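Summary of the model geometry
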Amino acid sequence: MITAVEYHRSPLRFASARAASGRISARLGATFSSAVTGSLAPLRLVTLPEPRRPGPDWARVRPRLSGICGKDLALLAARSSPYLSPLVSMPFVPGHEVVGELLDDVDGLAAGTRVVIDPVLCCVARDVEMCAHCAAGHESRCDHVTAGTVSAGLQTGFCGDTGGGWSGMLVAHRRQIHAVPETLPDRRAVLVEPMACAVHTVRRAEIADGASVVIVGAGTVGLLVLLALREFAAPGQVYVVAKHAHQADRARTLGATDVVEPRRAARVLRRATGGSLQTPEHGSDFLLGGVDVAIECTGGSGLDSALRLVRAGGRVVLAGMPSSRVDLTPLWYRELTLVGAYASDSGGADRHADFVDAISLADAAALDGYVDAVYALGQWREAIGHAQEAGRLGSVKVAFDPTRD
Ligand SMILES: [Zn+2]
Ligand SMILES: [Zn+2]
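Nothing here was measured: the structure is a model prediction, and the numbers come from that model.

Quick look at the environment of L48 now. Mapped onto the elements, L48 comes out in strand 2 (residues 43–48). Between the C-alpha atom of L48 and that of M1, which follows or precedes it by 47 residues, the distance is 5.4 Å. Not counting residues within four places of it along the chain, the set of residues in contact with L48 comprises M1, I2, A4, E6 and V93.

Right, let's get into the domain arrangement of the protein chain. Looking at the assigned domains, one finds that the protein chain contains domain 1 (2–191 + 367–404) and domain 2 (196–340). A straight line from the C-alpha centre of domain 1 to that of domain 2 covers 27 Å. Each side of the interface is counted separately: domain 1 has 18 residues, and domain 2 has 14 residues. Across the domain 1-domain 2 interface, the total number found is zero salt bridges. Our enumeration of links across domain 1 and domain 2 arrives at four residue pairs in polar contact (both at pLDDT 80 or more).

Time to look at the coordination of the zinc ion (ligand 2). Each pair of donors in an ideal four-coordinate tetrahedral metal site encloses 109.5 degrees, whereas pairs in an ideal six-coordinate octahedral site enclose 90 or 180 degrees. The protein atoms donating to the zinc ion (ligand 2) are C123 (SG), C131 (SG), C134 (SG) and C142 (SG), with metal-donor distances spanning 2.3 to 2.4 Å. Coordination at the zinc ion (ligand 2) is tetrahedral, judged from the four donor atoms that bind it and the angles of 102 to 118° they form at the metal. Written as a sequence motif, the donor residues of the zinc ion (ligand 2) are C-x7-C-x2-C-x7-C. With C123 in helix 4 (residues 123–126) and C142 in the loop between helix 5 (132–135) and strand 6 (170–173), this pair connects stretches of sequence that are 19 residues apart. For the pair C123 and C142, one class covers both residues: buried.

With that out of the way, let us pick up the coordination of the zinc ion (ligand 1). Taken together, C69 (SG), H96 (NE2) and E97 (OE) make up the protein donors of the zinc ion (ligand 1), found 2.1 to 2.5 Å from the metal. Read from N- to C-terminus, the donor residues coordinating the zinc ion (ligand 1) fall into the pattern C-x26-H-E. Of this pair, C69 sits in the loop between strand 3 (58–67) and helix 3 (70–76) while H96 sits in the loop between helix 3 and strand 4 (98–102), placing them 27 residues apart in sequence. Note on accessibility: C69 and H96 belong to one class, buried.

Criteria and thresholds
- Residues numbered from 1 in each chain as written.
- Chains lettered and ligands numbered in written order.
- Predicted model: local features only at pLDDT ≥ 70, side-chain atom pairs only at ≥ 80, totals over all residues.
- Heavy atoms only, no water.
- Helix = DSSP H or I, 4+ residues; strand = E, 2+ residues; numbered from the N terminus.
- Contact = heavy atoms within 4.5 Å.
- Domains from an automatic or database assignment.
- Salt bridge = Lys/Arg side-chain N within 4 Å of Asp/Glu carboxyl O.
- Polar contact = N/O pair within 3.5 Å; in protein donor to acceptor, adjacent residues only side chain to side chain.
- Donors = N, O, S within 2.8 Å, 3.2 Å for Na, K, Ca; no water.
- Tetrahedral: all angles 85-135°; square planar, octahedral: opposite > 155°, others 65-115°.
- Buried < 20%, exposed > 50% of the residue type's maximum accessible area, 1.4 Å probe, protein only.

In structure tokens:
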């Protein structure tokens, strides 16, 4: 038997969590919500049987650290779109940012090897006929995430059969498993999955050499996108919109040209890019002019800023999972290109997989101190509460250490 934090949302709980979270936000002006950690919480601490290996190419993995991600928080607060509901299987154990230890030998890797998990559950892992996307190396676009040997789930951490990182054990397909170099400690290795998403985001952004870029948001996603941008693109000016002082410091260390507070972003970028500032009757200021590429990394209201800060004909990349309604008028009027960047892929034959590049980058980069808050599974309420307030509390990534229980 294993200990796990399990997600067991029902439609009723989903609705009440959302309603309660709205009321509390309105009253306190805070995003922290007892709906997520209180008695209505869609999470619970449980004892479960070990997950079953669906086939010979699967191995059991014992998580050593597993991150809490914005996607997880959005789901818990019922802020995520019901769009994804057919692509998960209930109940499931969250946790898709995992460094762990192999418990079985699997095709060239011995039990005991320290590994990270690419969570995407694509055709190969599901043992179904390859869809066109997987065949082309775009596994994150897989059409078969509800088919095959395991139940529906776009990723490990959203699938009822594989287990997830917030537990004592999960199972992973050989395709998902990457060995971790000796030199990469657990607290940096647990950042490999979000780093792979960041590398993928930069590739999707297709930034021309010398182009100006604004990264909106300086939590884990924004900071790692900045790091990947410096490694895998050759931009000109790179601006970062950051809410908190520690985020601004980190962004400067990682090579931001300038860091601005959200409410000053339009003014600063007007000066920097030479456009004109426009003030609508309602809503935020926007630019006629602006940067070439905007990358939304907040998973929330940052998309509205991104659309208002980019020049006509520019590109807006969605790295965060969208969770708010947004006025698309600038997209139409400025003839912008809006691009999604979800998870990571192998990219086909002509480049490294995003995950492989992410391991090298996590190994080389100065990411010490990014995972500074680690909790036992039994402390899930504190852990989730801390993750919801990570920016304000000076943290970047909050993680579970399931070996502590
Ligand atoms: Zn994540
Ligand atoms: Zn596929």
